[in-house]
Amino acid sequence: MRRSLQLSLFAVVLLGLVGGTLAYLAAQKSVTLTVDGQVRTVGTYAATVGEVLDEEGLEPAEHDVLLPATEQVLADGDTVILNRARPLELTVDGVSREVYVTALSVDEALAQLGYRADGLVLSASRSERLPLRGMELTITTPKDIVLVSDGQERVVTTTAATAGDLLAEQGITLGATDRTSLYLGQGLLNRMRLQVFRVQVSEVTETTQIPHERVETSDPEVLEGEKTVTQRGVAGEQVATVRVTVVDGVQTSRETLRTTISREPVPELVTVGTKPRPANSPAADGLNWAALARCESGGRAGAVSPNGRYHGLYQFSVATWQSVGGSGLPSDASADEQTYRAQLLYNKAGAGQWPHCGRHL
């Protein structure tokens, strides 16, 4: 081969090599890559944003923020920003949920989530960095709570998380039987009402009477209508143990736990005459006993004088009543018996037994 031809071929090959190198170099780009705020410049031949991220070993997740999008074509000098999301197990005033933030610190996360108020109580320092794997964060916000205790109602501003925490914060202790309107572990929300009920439970004994019975027995040897007490009745007695519940000074319930009889009642025994009265009974004497009764007592069989000495229709004294066979109090006897014994008294002593009203007879 002639030397001139060799030189021509060499020149062609050399030109191809130089052209390919220049083209390769021309395809390389300089891209500014910012990942979680860290800025660096990378050289790449990637055609799109997605390709350059693949080259850097970065794979955007669902909640990450990427600008521009993965399919965006890259040019020399472009900027790619990737802010990776951190999962937060966020609990606010006792309510938990999972959220994602691209913040790098607790303080930035609070700003992203809209918690900018002062006085927040946090489970982590505001300056603490958020790891890529995320973290648990508890926020307690200031709340106005209506607190009612020991007769006082007031509004307190607190960052206590639960009802129990608020009572501890306010120095309010609960007795074994005290109750609250909220569960002690219940989370607090703004304008909630928390009331403390002071409960006292005690057992007391109460003594009550058991009424006695009255047993009447017929006696054919005694005149009809006459009654004699042969055994005085005595009331019995029972003792009850009662559980009494008092809430804030007001009794709310009573429960009888047990009852025992401490004394049995004694029945009253009475004999009642059934023997027919003779024809000359004073009941047929023709006197105006109704008029006498109206004058003495207003016609009231149960009347008792203001001084308590005189009883019944005809205002017997107890001694006079007993003198004509009466028993007990005259005012407890029937109207018929009172009239009968008044007639007996009249037969014995006349109308003078009623010095003011005897004239009505």
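Residues numbered from 1 in each chain as written. Predicted model: local features only at pLDDT ≥ 70, side-chain atom pairs only at ≥ 80, totals over all residues. Heavy atoms only, no water.

As its UniProt record puts it under Sequence similarities (unreviewed entry), the protein is described as follows: "Belongs to the transglycosylase family. Rpf subfamily." (UniProt positions renumbered as here; feature names shortened; annotations may be inferred.)

**Q** Would you explain the state of the cysteines in this entry?
**A** In protein chemistry, a disulfide is the covalent bond that joins the sulfur atoms of two cysteines. On inspection of all chains with the given rule, the structure shows one disulfide. Between the sulfur of Cys295 and that of Cys357 lies a disulfide, 1.9 Å long from S to S. Its S-S torsion of about -65° marks the bond between Cys295 and Cys357 as left-handed, since a negative value means left-handed. With a gap of 62 residues between them, Cys295 in helix H5 (residues 289-297) and Cys357 in the segment after helix H7 (335-349) connect regions that are remote in the sequence. (Disulfide = S-S within 2.5 Å. Helix = DSSP H or I, 4+ residues; strand = E, 2+ residues; numbered from the N terminus.)

**Q** Sorry, what's going on with the nonpolar core here?
**A** Most often, soluble globular proteins have nonpolar side chains that are buried together. By size, the foremost hydrophobic cluster in this structure holds 16 residues, and its most contacted members are Leu88, Leu90, Val106, Tyr115, Leu130, Leu137 and Ile139. Going through the elements one at a time, strand E5 (86-92), strand E6 (95-101), helix H3 (106-113) and strand E8 (135-140) are the ones with two or more residues in this core. Excluding its chain neighbours within four sequence positions, the residues that come into contact with Leu137 are Leu88, Glu89, Leu90, Thr91, Val106, Leu110, Ser123 and Ala124. Ranked by size, the runner-up nonpolar core spans 14 residues in total, among them Ala293, Phe316, Ala333 and Trp354. (Core = buried A, V, L, I, M, F, W, Y, C linked by side-chain atoms within 4.5 Å. Buried < 20%, exposed > 50% of the residue type's maximum accessible area, 1.4 Å probe, protein only. Contact = heavy atoms within 4.5 Å.)

**Q** Explain the pattern of salt bridges here, please?
**A** Note that side chains of opposite charge can pair when their charged atoms are close. According to the stated counting rule, one finds 14 salt bridges in the structure shown. A salt bridge links Arg126 to Asp107, with the shortest nitrogen-to-oxygen separation between them at 3.0 Å. Of the two residues, Arg126 is situated in the loop between strand E7 (121-122) and E8 and Asp107 in helix H3; the sequence distance between them amounts to 19 residues. Across the salt bridge formed by Glu153 and Arg193, the nearest N and O atoms sit 3.4 Å from each other. In this pair, Glu153 is assigned in strand E10 (residues 152-158) and Arg193 in strand E12 (residues 193-197), connecting sequence segments 40 residues apart. You can call Arg193 partly exposed: its relative accessible area is 40%. Within this structure, Arg214, Glu216, Lys227 and Glu268 form a network of salt bridges that share partners. (Salt bridge = Lys/Arg side-chain N within 4 Å of Asp/Glu carboxyl O.)

**Q** Explain the packing of aromatic side chains to me, please; I cannot follow it from the model alone.
**A** Ring pairs (aromatic) are described by centroid distance and by the angle formed between their planes. Per the stated rule, a full pass over the model turns up four aromatic pairs. Here Trp289 and Trp354 contribute two aromatic rings whose centre-to-centre distance is 5.9 Å and whose plane-to-plane angle is 80°, an arrangement assigned as edge-to-face. Separated by 65 residues along the polypeptide, Trp289 in helix H5 and Trp354 in the segment after H7 bring together distant segments of the chain. Both residues of the pair, Trp289 and Trp354, belong to the buried class. Here the basic side chain of Arg341 rests over the ring of Trp321, its NZ or CZ set 5.8 Å away from the ring centre. (Phe/Tyr/Trp six-rings, centres within 6.5 Å; stacked < 30°, edge-to-face > 60°. Lys NZ or Arg CZ within 6 Å of the ring centre and 35° of its normal.)

**Q** Where do I start with H7 in this structure?
**A** Residues three or four positions apart in an α-helix share a direction because the helix packs 3.6 residues into each turn. Across its 15 residues, H7 extends 21 Å between first and last C-alpha, which sits within 8% of the 21 Å expected from 1.5 Å per residue. The secondary structure elements touched by the buried residues of H7 are strand E14 (214-223), strand E15 (227-231), H5, strand E20 (316-317) and helix H6 (318-323). Following H7 by one or two positions, Gly350 adopts a phi angle in the positive range, close to 80°. (Expected span 1.5 Å × (residues − 1).)

**Q** Would you mind going over the sheet that holds strand E18 (residues 268-275) with me for this structure?
**A** Within a sheet, neighbouring strands are paired by backbone hydrogen bonds and run either parallel or antiparallel to one another. Read from one edge to the other, the open sheet built from three strands follows the order E14-E18-E15, with strand pairing classed as mixed. Both edges of this open sheet fall to E14 and E15, since each of them pairs with a single strand only. Each strand of the sheet is rotated relative to its neighbour by a mean of 30°, with strand direction disregarded. Note that E15 and E18 share four bridges and pair antiparallel. Bridging across to E18, Lys227 finds its partner in Val272. (Pairing = 2+ DSSP bridges. Axes fitted to C-alpha atoms, helices over the stretch in contact; angles between N-to-C directions.)

**Q** Mind showing me how you'd approach the domain arrangement of the protein here?
**A** Think of interface size as the accessible area that goes away when the parts come together; that is how it is often given. Split by domain assignment, the protein resolves into domain 1 (28-83), domain 2 (86-140), domain 3 (143-197), domain 4 (202-272) and domain 5 (278-360). Here domain 1 and domain 4 have C-alpha centroids that lie 99 Å from each other. (Domains from an automatic or database assignment.)

**Q** I tried to follow the pairing of strand E1 (residues 29-35) on my own but got confused; where do I start?
**A** Looking along a regular strand, one sees the side chains alternate between the two faces of the sheet. Among the seven residues in E1, five count as buried, and that is most of the element. Two successive antiparallel strands, E1 and strand E2 (residues 38-44), enclose a turn made up of two residues, where Asp36 displays a positive phi of approximately 50°. Bridge count between E1 and strand E4 (residues 79-83): four bridges; the pairing is parallel. Bridge pairing in E4 places Thr34 opposite Ile81.

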